[in-house]
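Chain by chain, the residues:
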Amino acid sequence: MSVEQKPICVVIDTSIWRQDSNLLLRTPMGSALRYILKQSSGKIGLPEIIEEELTRNTVEQGLEAVEKINKGFKVIEVIMGCRCFYEVPDEAQLQATVTERLTDLNDLIIRIPFTFEHAKSALRRINEKSQPNGESNQQFKDSAIWEAILTLSNSYIIYFISGDKAFFKGKECKTNELADNLLNDCIKIGGMVSIYNNMASCLKVLQKNVPPLNYSDIILKIDSVINLRLKPELVSEIGFEIAGLAMKVSSVSAFFTEMKGKLALSFELYYHCNDVQHNGVNERKDAILRTKGDCLYELDNQMISDIKMDFERIYWVEPSGEAGRRGIVYASGTMGGIEQVNYTFREPVDFIRFPNLDWKERVKKVRKDQQDFFKDYSKEARAVLETLLDKYAEEGVAALEIPSSIMKYSEFEQYGDIFKILELFGDERNLTNIVRQLQKLLYSV
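> Would you mind going over the pairing of strand β4 (residues 157-161) with me for this structure?
Across the five residues of β4, five count as buried, placing the element largely inside the fold. With burial as the criterion, each face of β4 is covered, one bearing I157, Y159 and I161 and the other bearing I158 and F160. Here strand β1 (residues 8-12) pairs with β4 via five bridges, running parallel. When the sheet's bridge partners are listed, V11 is paired in β4 with F160. Alignment of β4 against strand β5 (residues 193-196), held across four bridges, turns out to be parallel. Note that in β5 the partner of F160 across the bridge is I195. The parallel pair β4 and β5 is bridged by helix α7 (residues 180-189), and the resulting crossover is right-handed.

> Help me understand the packing of helix α6 (residues 139-153) against α7 in this model?
Geometry of a packed helix pair, given as the angle between the helix axes and the separation of the axes. Orientation of α6 relative to α7, taken along the N-to-C sense of each, is 30 degrees, at an axis distance of 10 Å. If you check the angle between α6 and α7, you find them roughly parallel. Handedness of the crossing formed by α6 with α7: right-handed. Contacts between α6 and α7 involve W146, L150 and S153 from the first element and L182, D185, C186 and I189 from the second. Broken down by class, the residue content of the contact of α6 with α7 amounts to five nonpolar, one polar and one charged.

> Whenever I open this one, the sheet that holds β5 confuses me. Can you help?
Whether parallel or antiparallel, the strands of a sheet pair through hydrogen bonds between backbone atoms. If you trace the five strands from one edge of the open sheet to the other, you get β3-β2-β1-β4-β5, paired in parallel fashion. This sheet does not close on itself; its edge strands, each paired only once, are β3 (109-112) and β5. When the angles between neighbouring strand axes are averaged without regard to direction, this sheet yields 25 degrees. Where α6 meets the sheet, its contacts fall on β1, β2 (43-47), β3, β4 and β5, and the angle it forms with β4 comes to roughly 155 degrees.

> Before we go on, may I ask you to explain a negative patch on the surface in this structure?
A contiguous patch of negative charge on the surface is contributed by E60, E64, D90 and E91. On the secondary structure map, D90 appears in the loop between α3 (48-80) and α4 (91-104).

Quick notes on the rules
Residues numbered from 1 in each chain as written. Predicted model: local features only at pLDDT ≥ 70, side-chain atom pairs only at ≥ 80, totals over all residues. Heavy atoms only, no water. Buried < 20%, exposed > 50% of the residue type's maximum accessible area, 1.4 Å probe, protein only. Helix = DSSP H or I, 4+ residues; strand = E, 2+ residues; numbered from the N terminus. Pairing = 2+ DSSP bridges. Right-handed = clockwise from strand over helix to strand, strands pointing away. Axes fitted to C-alpha atoms, helices over the stretch in contact; angles between N-to-C directions. Parallel < 35°, antiparallel > 145°, perpendicular 65-115°, else oblique. Left-handed = near helix turned anticlockwise from the far one by under 90°. Contact = heavy atoms within 4.5 Å. Nonpolar A, V, L, I, M, F, W, Y, C, P; charged D, E, K, R; others polar. Patch = residues over 30% accessible without salt bridge, like charges linked within 9 Å, V, L, I, M, F, W, Y side chains within 5 Å. Areas by Shrake-Rupley, 256 points an atom, 1.4 Å probe, with all protein chains shown as cover. Salt bridge = Lys/Arg side-chain N within 4 Å of Asp/Glu carboxyl O. Lys, Arg positive; Asp, Glu negative; His and termini not counted. Charge placed at Lys NZ, Arg CZ, Asp CG, Glu CD.

This is how it looks when you write it as structure tokens:
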């Protein structure tokens with residue numbers, strides 16, 4: 001069969017399946033992919049090794065969410081003094097739901113069994129130290145996935161979506177090019193495989209008709225939903241303030257979905273930021289906040305809904321010319337409708353890139369150079385703050401979330417329960433502000 005006659009097949013790596021914007025394809029972007037495949041008689045390629053990992057990881061992801069709900073509800077119960085009924089799924093229910101969902105997608109899915117030949121070829125790649133092998137502990141899995149893709153490419157034009165740099169040329173995901181040896185594999189068997197690092201970039205290629213929309217107006221509508229709900233401390237704690245939307249560099253991509261009258265939007269909005277910490281002396285330049293996410297857009301009433309944030313990151317240039325970067329990644333960020341916006345945050349990831357210090361080095365410098373900061377607090381309060389620093393040195397910025405960190409780590413039990421610890425600082429708001437000041441010191445060294 002010639003390449004022109006082959007139908008299309010999209011293979012989604014496990015890491016992409018797990019993203020909230022794609023989770024089990026029960027999302028705006030998932031609906032857009034299903035629509036495109038049904039219109040073009042395409043398929044979703046599901047190697048056995050990905051299906052097994054997808055099922056296991058999705059159940060684990062669900063259990064982690066359940067644990068966070070239970071912990072959060074215990075706090076609400078103590079505050080309210082009563083217990084309201086709530087119900088969360090158990091492991092068996094999560095497992096059954098994932099299995100049922102994959103069964104629902106059977107009409108679109110083509111499964112590729114993991115064969116002995118795949119295993120032998122994967123082992124050969126490991127021995128040759130050729131991509132997709134490298135430094136990660138996923139070498140065999142990645143190689144087995146690639147063997148399954150080659151098998152599929154005999155009958156399909158493959159669109160492979162993966163965030164794993166091991167598959168990309170130069171091990172750089174931004175290239176959207178296959179590694180040279182993987183491209184040669186395709187040429188040898190007459191296959192055609194394209195690679196993309198996210199769902200939206202693949203959908204842009206697959207979608208034949210782009211909806212005629214006023215994209216500038218849509219950008220403003222998205223901005224009106226998210227601009228007041230961005231994490232202000234992301235920029236304020238390092239001495240910046242958000243100045244306004246950078247309209248010219250912001251962008252939106254729209255995709256038809258299975259839902260009548262609704263489009264899936266993938267957006268990147270940028271905001272100019274000002275350095276308010278240095279007041280023109282050694283001022284940091286070109287500061288910009290980048291936000292990325294997706295949502296639904298209703299054509300009849302032009303409403304934005306079901307917003308999910310992928311990340312917020314601020315970039316700047318130091319007076320020395322070195323680049324700075326800090327960001328927060330969201331595991332799940334459903335913001336709901338226009339009026340009511342709900343965030344569910346992943347623990348933030350510390351993306352500071354300037355100066356190049358690790359967590360332990362930052363703590364060491366704060367303890368050495370910022371001793372006056374701790375003098376204003378009682379012996380017991382200082383001990384709590386020192387413990388927070390110890391946890392930050394081990395786990396990074398996630399350890400500074402108040403009050404969840406105090407309830408999460410057993411090291412705080414020696415100071416009493418959560419209420420006794422909060423009393424050392426007056427109340428939760430005071431402790432949160434103190435920790436933000438401490439975090440600012442960590443970021444300024």
